Amino acid sequence: MTDFESDVVVLGAGVSGLVTAKCLLEDGFKVCIIEKTSDIGGLWTYREKDYGVMKCTHINVSKYNYAFSDFPFPDDVPDYPHHSDMAKYIKDYANKFQLLKLIHFNTKIIGVDNTDGKWVTRCCKVDEDGKEDFQQMLIFTSSYVAVATGHHAKPNFPSFEGADTFRGKTLHAVSYKDPSYNDCAGQRVLIVGIGNSAVDVAVDCATIGRCPDVTISTRSGAWVIPNYIFGLATDLYACRFFFLFPRSIANFIMSLVIMLVSGSPWRWGLNPKMKPLQTQPTVSPTLIHHIQRGNIKIKPNILNIRGNTVKFVDGTSAKYDRIVYCTGYTIDLPFLSSRVMDSVLQSSSNKMQLYKNVFAPYVGHSLAFIGFVQPASGGIITMSEMQARWFSKLCKGEVKLPNSDEMSADIENEKKIQSGRWYQTARHTLQKDPIVYNDEIGEIIGAKPKLFQNPLLTWRLIFSSGGASQWRLNGPNTWQDAAKQVRKVPVPFLWNLTGYFVIFGFLVIVSLFMKCLCCC
């Protein structure tokens, strides 16, 4: 048994864990990182036999918004980097800020609990195949713990009548790598679900796999958004100005733009049961293309399975050789003591009892959950980084949390807001708009962009997504190149034009008002 002491223990060396460690180091803390695998990057490190991305995966958020705030992507990386670009980027970040020396690789967390005011994290070593070696136990003692193991933890398999009679092969998206590796090439494939992973699998099977029959079965339908709208990355259209619109008008604008670009989703059988801004966007430049050519079919929910025959709720049926479940994940934190778990996660649900998605009211700031949030647009990196900066400032005593009753009341209020904002599924229990969320946390620590402090950036901060670096413009731990990086983020022509109309309208109103005063 080996004992380690540090100020903070970070669980996980994915993007959320790494950025947390970097922020804590920046504030002078001694940090240990515990990582189960032999490499950093979490799901962005391609592994054939373990959790991670598919061979075809590109990030579905542009590099402007899926980046560390003080470490932008190189200019020559495409708008939507491939997973290999992403893995290299993460490694470069870890090397630049000297994070690798903090990591205990091949170390599995067995238990986390608080004893006499100190957090004790018990671990064992594991080999490359995940086999545990209880002869090599490690004990980490710390004042603070950051859980950054991710909420895409335990694959969720839906229950269908007769599913156990299926004669072909079934798998979850977490295990899918490519048609050849997963023995899907040339087979009749049914994909269950219509999120981003489902669309990637479907297109991969229809193209690389040359599958004669590729079908997506969806219970709720979807609005499919292209990667580019009017020549710019789609997530660049999420901006502070857009968030000023009433939700009904924002949904109308979004649905109108999607239909102008791709046509009505009902025409392609996508049949969404929700409005476009009530759900996590499904982003694909090619799905509708393949639906139009008959390479991919869309079916409603499954009614039952009999052998190789799958019957759908619309009465149709077809035979399949493979079923790929792209049906999401449930949050799984088996290492937390039952006492801590009961205060954090509602049993049998994906609902977490966390203040601002980070802190359990009756535990306090000594335990933080970093990255347990689902971005509605933009990427999780900026959100995890803001959480980490907040956590670090709390550990330093520079800011404070409200009392437990106030935090609990805020959680209940957020639940009410969430229920009216998002389509009610387990997929949306952690959903947040990144700009709104980051501004909220930024205001707590003094890092919210001051829109009118730098007039040269005001227009961009209002009418563009602003990019990751905007939360380094002011407040603690500013970055000297933040303004330069914000200026690199394109402003969509649509929003430029809208802004000009707003200013023109304002000037007309002021002019008329002045004329009225003169007449009086």
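Fair warning: this is a prediction, and the values are worked out from it, not measured in the lab.

Enquirer: For this particular structure, what's the right way to read the sheet that holds strand 16 (residues 302–306)?
Expert: Each strand in a sheet pairs with its neighbour through backbone hydrogen bonds, running either in the same direction (parallel) or in the opposite one (antiparallel). Taken together, the three strands give an open sheet; going across it, the order is 16-17-18, and neighbouring strands pair in antiparallel fashion. At either margin of the open sheet sits one strand with a lone partner, and together these are strand 16 and strand 18 (317–319). The mean angle between the axes of side-by-side strands here comes to 20 degrees, regardless of whether they run parallel or antiparallel. Examined bridge by bridge, strand 17 (residues 309–312) and strand 18 share three bridges and lie antiparallel to one another.

Enquirer: Help me understand the pattern of salt bridges in this model?
Expert: Any two side chains of opposite charge can pair, so long as their charged atoms come close to each other. Counted according to the given criterion, the structure contains 24 salt bridges. Note that E26 and K22 form a salt bridge whose closest N and O atoms lie 3.1 Å from each other. Taken together, the residues E26 and K22, both in helix 1 (residues 15–26) and four residues apart, mark about one turn of the helix. Judged by relative accessible area, E26 falls into the partly exposed class, the value being 37%. What makes K22 buried here is its relative accessible area of 3%. Sharing partners across several salt bridges, the network here consists of K22, E26, D70, E385 and R472.

Enquirer: How should I be thinking about the sheet that holds strand 8 (residues 169–172) in this particular structure?
Expert: Strand order in this open sheet of five strands is 8-19-9-10-15, and the pairing throughout is parallel. In this open sheet, the two strands that pair with only one neighbour each are strand 8 and strand 15 (296–299). Neighbour-to-neighbour, the strand axes of this sheet turn through a mean angle of 20 degrees, independent of strand direction. In this sheet, strand 10 (residues 213–217) lies alongside strand 9 (residues 188–192) in parallel orientation, the contact comprising five bridges. For I191, the partnering residue across the bridge sits in strand 10 and is I216.

Enquirer: Hey, could you run me through the nonpolar core in this one?
Expert: Ranked by internal contacts, the top residues of the largest apolar core, which has 59 residues, are I33, M86, W390 and F391. Broken down by secondary-structure element, the contributors of at least two residues to this core are strand 1 (2–11), helix 1, strand 2 (31–34), helix 2 (83–96), strand 6 (132–147), helix 7 (380–396) and helix 9 (434–445). Broken down by element, this core gets its largest block of residues, nine residues, from helix 7. Excluding its chain neighbours within four sequence positions, the residues that come into contact with I33 are V10, G12, A13, L18, A21, L99, L102, I103 and H104. One finds A173, V189, C205 and I216 within the second-largest nonpolar core, a separate group that totals 29 residues.

Analysis parameters
- Residues numbered from 1 in each chain as written.
- Predicted model: local features only at pLDDT ≥ 70, side-chain atom pairs only at ≥ 80, totals over all residues.
- Heavy atoms only, no water.
- Pairing = 2+ DSSP bridges.
- Helix = DSSP H or I, 4+ residues; strand = E, 2+ residues; numbered from the N terminus.
- Axes fitted to C-alpha atoms, helices over the stretch in contact; angles between N-to-C directions.
- Salt bridge = Lys/Arg side-chain N within 4 Å of Asp/Glu carboxyl O.
- Buried < 20%, exposed > 50% of the residue type's maximum accessible area, 1.4 Å probe, protein only.
- Core = buried A, V, L, I, M, F, W, Y, C linked by side-chain atoms within 4.5 Å.
- Contact = heavy atoms within 4.5 Å.

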